[in-house]
Amino acid sequence: MMSAMERDLDRLCQQLDDTDALATLLGFTDTDDIEALRARAEALTLRTIGNRVHYRGLIEISNICSQDCCYCGIRRSNAHVARYTLTQPEILDAAQWCAAQGYGSVVLQGGENTSAAAVEFIADTVTRIKALTRNPRQPEGLGITLSLGVQTSDVYRRWFAAGAHRYLLRVETTDPQLFARIHPPEQTLDERIEALQALRDVGYQVGTGVMIGLPGQTLVQLARDVLFFKTFEIDMIGMGPYQPHADTPMADEPTLSAAERLQRALNMIAVTRLVLPTANIASTTALQALSPEGRELGFSYGANITMPNLTPEAARQHYLLYDEKPLYNEDTEPFGDILKRRLAKLGREVGLHEWGDSRRFTDRHRT
Ligand code: SF4
């Protein structure tokens, strides 16, 4: 027989279009409530996605950015950052390593740079990655996700034609007031949403995400973020707890404790899974920054993607979007070691030589 707690959870889970019901789930703090929510999200993940976790090798290609987001350690106004751009051979080496290990995909991530030279550099690099990583087990080469900020539709088309097929552009929050508080006036939420639409129109699998635990952020705002993911037909979600950076204007703003931010981020993964059963959801590095087991926790709450960092060591220390970002890279230990063992303990396995595309995207394009 169902306990009163299970009946309550059942009732809330039948109202997944309702902002207040989602806010209640996101705000769970009681251990039994949290475990029931987690177990439900994990079971749904296994039913809809299966037990495979897919890797995206993350290459942080440049920390040069023309934007000035108030929370970000590599914002253009931060004069304490040593700026770098990886060379093309460095990027290609990392991509080839990835393919040799059986990772199905890479993510090229960097600050926003709209110069013609930067655009061509990316197009050429994407073309070369595709050519270099074709092999009998992955005849189409690595899947390529780009995360390079707001660009024009022509640029999105150029990169898509070169071979990229997923694009991640985080909105960070869908609340207009909160967005305005954490960005300079020239950056707008409307611009990001229009960019997501443009990416969809070009044909990308579209990803976005939000920060969880921003100063002043409410549960209702987070609930609306989840509903936005659904109504905007987002295919991939990459989100994580807000982590302050000392060299930013938001450094001293009060926020939730680290433990509260971690739990809220995990609740957010679980609720997002319940609302978007077939989306790809990443377990992000920011979770690891708050707990050594953060990434594994993310999988047990419904995530199915991880992005091991393959940025060369010398550059990695200069790509600090927030303080306490984990720099040691256990993911590049011989493939199948630490992370694979941890996944096995969760009953999950790594999807080798597969793109691991969003089922939400493929289902939509089948109909
Ligand atoms: S969050 Fe992205 S766009 Fe904003 S300053 Fe940082 S790198 Fe640039």
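Here is what the cut-offs are and how they apply
- Residues numbered from 1 in each chain as written.
- Predicted model: local features only at pLDDT ≥ 70, side-chain atom pairs only at ≥ 80, totals over all residues.
- Helix = DSSP H or I, 4+ residues; strand = E, 2+ residues; numbered from the N terminus.
- Rg over C-alpha atoms; globule rule 2.2 N^0.38 Å.
- Buried ≥ 20, exposed ≤ 12 C-beta atoms within 10 Å, placed from the backbone.
- Contact = placed C-beta atoms within 7 Å.
- Core = buried A, V, L, I, M, F, W, Y, C linked by C-beta atoms within 7 Å.
- Near = placed C-beta within 6 Å.
- Nonpolar A, V, L, I, M, F, W, Y, C, P; charged D, E, K, R; others polar.
- Pairing = 2+ DSSP bridges.
- Axes fitted to C-alpha atoms, helices over the stretch in contact; angles between N-to-C directions.
- Left-handed = near helix turned anticlockwise from the far one by under 90°.
- Right-handed = clockwise from strand over helix to strand, strands pointing away.
- Expected span 1.5 Å × (residues − 1).
- Parallel < 35°, antiparallel > 145°, perpendicular 65-115°, else oblique.
- Arc of directions from axis to C-beta.

Bringing the overall build of the protein into the picture now. Each helix and strand in the protein was counted, giving 15 helices and 11 strands. Relative to its length of 367 residues, the protein is compact, with a C-alpha radius of gyration of 19 Å against a globular reference of 21 Å. Buried residues in the protein amount to 47% of all 367 residues. Considering only residue pairs separated by 6 or more positions, the protein has 79% of its internal contacts joining residues 24 or more positions apart.

Take the nonpolar core next. Judged by nonpolar contacts, the single largest core of 96 residues is most densely connected at Ile59, Val106, Leu108 and Leu199. Element by element, the count of residues in this core is highest for helix H10 (residues 258-275), at 8 residues. Non-local contacts of valine 106, meaning those with residues more than four positions away in its chain, are made with Arg56, Gly57, Ile59, Ala95, Cys98, Ile129, Leu142 and Ile144.

What follows concerns the environment of asparagine 63. Looking at where asparagine 63 falls in the secondary structure, it is placed in the loop between strand S1 (52-62) and helix H4 (88-101). As for asparagine 63 and arginine 83, which are separated by 20 residues in sequence, their C-alpha atoms are 5.9 Å apart. Among residues more than four places away in sequence, those in contact with asparagine 63 are Ile74, Val81, Arg83, Tyr84, Gly111, His318 and Tyr319.

This brings us to the site of the ligand. Taken together, Cys65, Gln67, Cys69, Cys72, Ile74, Arg75, Gly111, Glu112 and Gly149 make up the full set of residues adjacent to the ligand. Here the shell around the ligand is built from residues that sort into 4 nonpolar, 3 polar and 2 charged.

Our focus in this paragraph is the pairing of strand S9 (residues 280-283). The side-chain alternation of S9 yields two buried faces, one formed by Asn280 and Ala282 and the other by Ile281 and Ser283. Of the pairings in the sheet, the one linking S9 to strand S10 (residues 305-306) comprises 2 bridges and is parallel in character. In the strand pairing of S10, alanine 282 is matched with isoleucine 305.

So, on to the environment of methionine 307. Within the secondary structure layout, methionine 307 lies in the loop between S10 and helix H13 (313-316). With 204 residues separating them along the chain, methionine 307 and tyrosine 103 place their C-alpha atoms 10.0 Å apart. Those residues in contact with methionine 307 that lie beyond four places of it in its chain are Arg56, Leu58, Val107 and Ala282.

Quick look at the packing of H4 against helix H5 (residues 116-132) now. At their nearest, the axes of H4 and H5 sit 10 Å apart, and the two run at 35 degrees to each other. Relative to H5, H4 is oriented so that their crossing is right-handed. Residues Gln88, Ile91, Leu92, Ala95 and Gln96 of H4 form the contact with H5, whose own contacting residues are Thr125, Arg128, Ile129 and Leu132. Of the residues in the contact of H4 with H5, the class split is 5 nonpolar, 3 polar and 1 charged.

Our next topic: the pairing of strand S2 (residues 105-110). In the case of a regular strand, side chains alternate between the two sheet surfaces. In terms of burial, S2 is a largely internal element, 6 of the 6 residues being buried. Inspection of the sheet shows S1 paired to S2 by 6 bridges, in the parallel sense. Paired with serine 62 across the bridge in S2 is glycine 110. What joins S1 to S2 is H4, and the crossover it makes is right-handed. This β-α-β element, S2 to H5 to strand S3 (residues 143-147), shows right-handed connectivity.

Before going further, it helps to examine H10. In this model, H10 (18 residues) spans 26 Å end to end at C-alpha, consistent with the 26 Å of a helix rising 1.5 Å per residue. Taking burial as the measure, the 18 residues of H10 include 14 buried ones, the bulk of the element.

This brings us to the packing of helix H2 (residues 19-26) against H10. Two elements in contact, H2 and H10, have axes separated by 9 Å at closest approach and are oriented at 135 degrees. What the angle tells us is that H2 and H10 run oblique. Across the interface between the two elements, Leu22, Leu25 and Leu26 of H2 pack against Arg264, Asn267, Met268 and Val271 of H10. Across the contact of H2 with H10, the residue classes break down as 5 nonpolar, 1 polar and 1 charged.

Before going further, it helps to spend a moment on helix H8 (residues 189-202). Its 14 residues give H8 an end-to-end C-alpha distance of 20 Å, which sits within 8% of 20 Å, the value for a rise of 1.5 Å per residue. All of the buried residues along H8 are Arg192, Ala195, Leu196, Ala198, Leu199 and Val202. Along H8, the residues classed as buried sweep out an arc of 160 degrees about the axis, all on the same side. The outward face of H8, more than 90 degrees from its buried face, is lined by the exposed residues Asp190 and Asp201.

Right, let's get into the environment of glutamate 35. Structurally, the position occupied by glutamate 35 is in helix H3 (residues 31-48). Overall, glutamate 35 belongs to the exposed group, with 12 C-beta atoms counted inside 10 Å. C-alpha of glutamate 35 to C-alpha of asparagine 267: the two residues are 232 residues apart in sequence and 10.0 Å apart in space.

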